[in-house]
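Understanding the architecture of this molecule
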Amino acid sequence: MNVFRLAGDVSHLVAIIILLLKIWRSKSCAGISGKSQVLFALVFTTRYLDLFTAFISAYNTVMKVVFLALSYATVYLIYMRFRNSYDSGNDTFRVEFLLVPVIGLSFLENYAFTPMEILWTFSIFLEAVAIMPQLFMITKTGEAESITTHYLFFLGLYRALYIGNWVWRYHTEGFFDQIAVVSGVVQTIFYCDFFYLYVTRVLRGRGKMSLPMPV
């Protein structure tokens, strides 16, 4: 395992922990898109179907279990434990606009036309766009709490570090996964404007990050 993948996994884990702690400590999920979290739970579920059928390493297995557990814990807190604080009025992104093309693309672009491979491909494509309901929600409300932006920063950092992982593996192993790389690059692009605003506004000490209101 190279340093880019390890740092990426750690960043991903930190992002989810930040989100969970934010919800648990504040007893509120205000500003958090439940739709994005459901999509991420779906990503991990369809990607890790091989959890009990294929063993790669102890690290790999542990991380799969952790990400599955934390993603469903987040969904539980939003829709069950603290559902009264869930801002459904602003979490209005039409997820079918993501799911329909992702499902179709998964059947058209995959490495093997088998249920497991199609579902794995689906998880890769879906992860690339799963954050869109959250970004849409922030744009709609016009601002985001700093803790929410920290979550998004580490989530975006995870994807950026994985690009480094793919470059490293290509040069050292000759490994190139076109589906994962293209999806990862697309996902990172979604975060570009956010990274700029995060550095120029949040890191300068503002409590919230204000965003341009939609026209």
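About the cut-offs
Residues numbered from 1 in each chain as written. Predicted model: local features only at pLDDT ≥ 70, side-chain atom pairs only at ≥ 80, totals over all residues. Heavy atoms only, no water. Helix = DSSP H or I, 4+ residues; strand = E, 2+ residues; numbered from the N terminus. Buried < 20%, exposed > 50% of the residue type's maximum accessible area, 1.4 Å probe, protein only. Contact = heavy atoms within 4.5 Å. Areas by Shrake-Rupley, 256 points an atom, 1.4 Å probe, with all protein chains shown as cover. Phe/Tyr/Trp six-rings, centres within 6.5 Å; stacked < 30°, edge-to-face > 60°. Lys NZ or Arg CZ within 6 Å of the ring centre and 35° of its normal. Polar contact = N/O pair within 3.5 Å; in protein donor to acceptor, adjacent residues only side chain to side chain. Expected span 1.5 Å × (residues − 1). Arc of directions from axis to C-beta. Core = buried A, V, L, I, M, F, W, Y, C linked by side-chain atoms within 4.5 Å. UniProt positions renumbered as here; feature names shortened; annotations may be inferred. pLDDT = per-residue confidence, 0-100.

1. Considering the overall build of the protein
Of the regular secondary structure elements, the protein holds nine helices and two strands. Seen in sequence order, the protein has helices and strands lined up from the N terminus as α-α-α-α-α-α-β-α-α-α-β. Per-residue burial over the protein gives 46% buried out of 215 residues. Of the contacts formed within the protein by residues at least 6 apart in sequence, a portion of 78% connects residues at least 24 apart. Here the protein displays about 11100 Å² of accessible surface, and carbon together with sulfur accounts for 68% of that area.

2. Let's talk about the packing of aromatic side chains
Under the definition given, this model contains 12 aromatic pairs. Ring centres of Phe-44 and Phe-67 lie 5.5 Å apart, and the angle between their planes is 20 degrees; this geometry places the pair in the stacked category. Placement of the pair is Phe-44 in helix 2 (residues 34–47) and Phe-67 in helix 3 (residues 58–81), with a sequence separation of 23 residues. Judged on exposure class, the residue Phe-44 and its partner Phe-67 are both buried. Among the aromatic side chains, those forming a connected cluster through ring pairs are Phe-44, Tyr-48 and Phe-67. Above the ring of Trp-24, the side-chain terminus of Lys-27 is found at 4.2 Å from the ring centroid.

3. Regarding the environment of Leu-68
Take Leu-68: it is sitting in helix 3. The class for Leu-68 is buried, based on a relative accessible area of 18%. Distance from Leu-68 to Leu-42, taken between C-alpha atoms, is 9.3 Å for residues 26 residues apart in sequence. Once residues lying within four places of it in the same chain are set aside, the contact partners of Leu-68 are Phe-44, Thr-45, Tyr-48 and Leu-51.

4. Here we look at the side chain of Asn-2
If you trace the backbone, Asn-2 turns up in the segment before helix 1 (3–26). The class for Asn-2 is buried, based on a relative accessible area of 9%. At a separation of 2.9 Å, a polar atom in the side chain of Asn-2 contacts the main-chain amide nitrogen of Arg-5. Those residues in contact with Asn-2 that sit more than four places away from it in its chain are Asn-165, Trp-168 and Arg-169.

5. Focus: helix 4 (residues 96–108)
Here helix 4 is 13 residues long and its end C-alpha atoms lie 18 Å apart, about the 18 Å a rise of 1.5 Å per residue gives. Those residues of helix 4 not exposed but buried are Leu-98, Val-102 and Ser-106. One side of helix 4 holds all its buried residues, which, seen down the axis, span an arc of 55 degrees. Away from the buried face of helix 4 by more than 90 degrees, exposed residues Phe-97, Val-100 and Leu-108 are located. Along its buried surface, helix 4 packs onto helix 2, helix 5 (115–129) and helix 6 (132–141).

6. Considerations on the nonpolar core
Here is a general trend for soluble globular proteins: nonpolar side chains tend to be buried in one another's company. Ranked by size, the top nonpolar core spans 46 residues in total, and within it Ile-23, Phe-44, Leu-126, Ile-131, Tyr-151 and Leu-155 carry the most contacts. Elements that contribute at least two residues to this core include exactly helix 1, helix 2, helix 3, helix 4, helix 5, helix 6, helix 7 (146–173) and helix 8 (178–190). If near-sequence neighbours (up to four positions away) are discounted, Leu-126 is found in contact with Leu-39, Leu-42, Val-43, Leu-99 and Val-102.

7. Topic: the UniProt feature "transmembrane region" (unreviewed entry) in the protein
Within this structure's numbering, the places UniProt gives as "transmembrane region" (unreviewed entry) are residues 62–80, 118–138, 150–168 and 180–199. In residues 62–80, helix accounts for 100% and strand for 0%; the two terminal C-alpha atoms are 26 Å from one another. As annotated, residues 150–168 comprises 100% helix and 0% strand, and the C-alpha atoms at either end are separated by 27 Å.

8. Digging into the confidence of the model for the protein
Confidence along the protein averages 86 in pLDDT terms, with 87% of residues attaining 70 or more. The lowest-confidence element of the protein is strand 2 (residues 208–210), averaging 54 in pLDDT; the highest-confidence one is helix 2, averaging 96.

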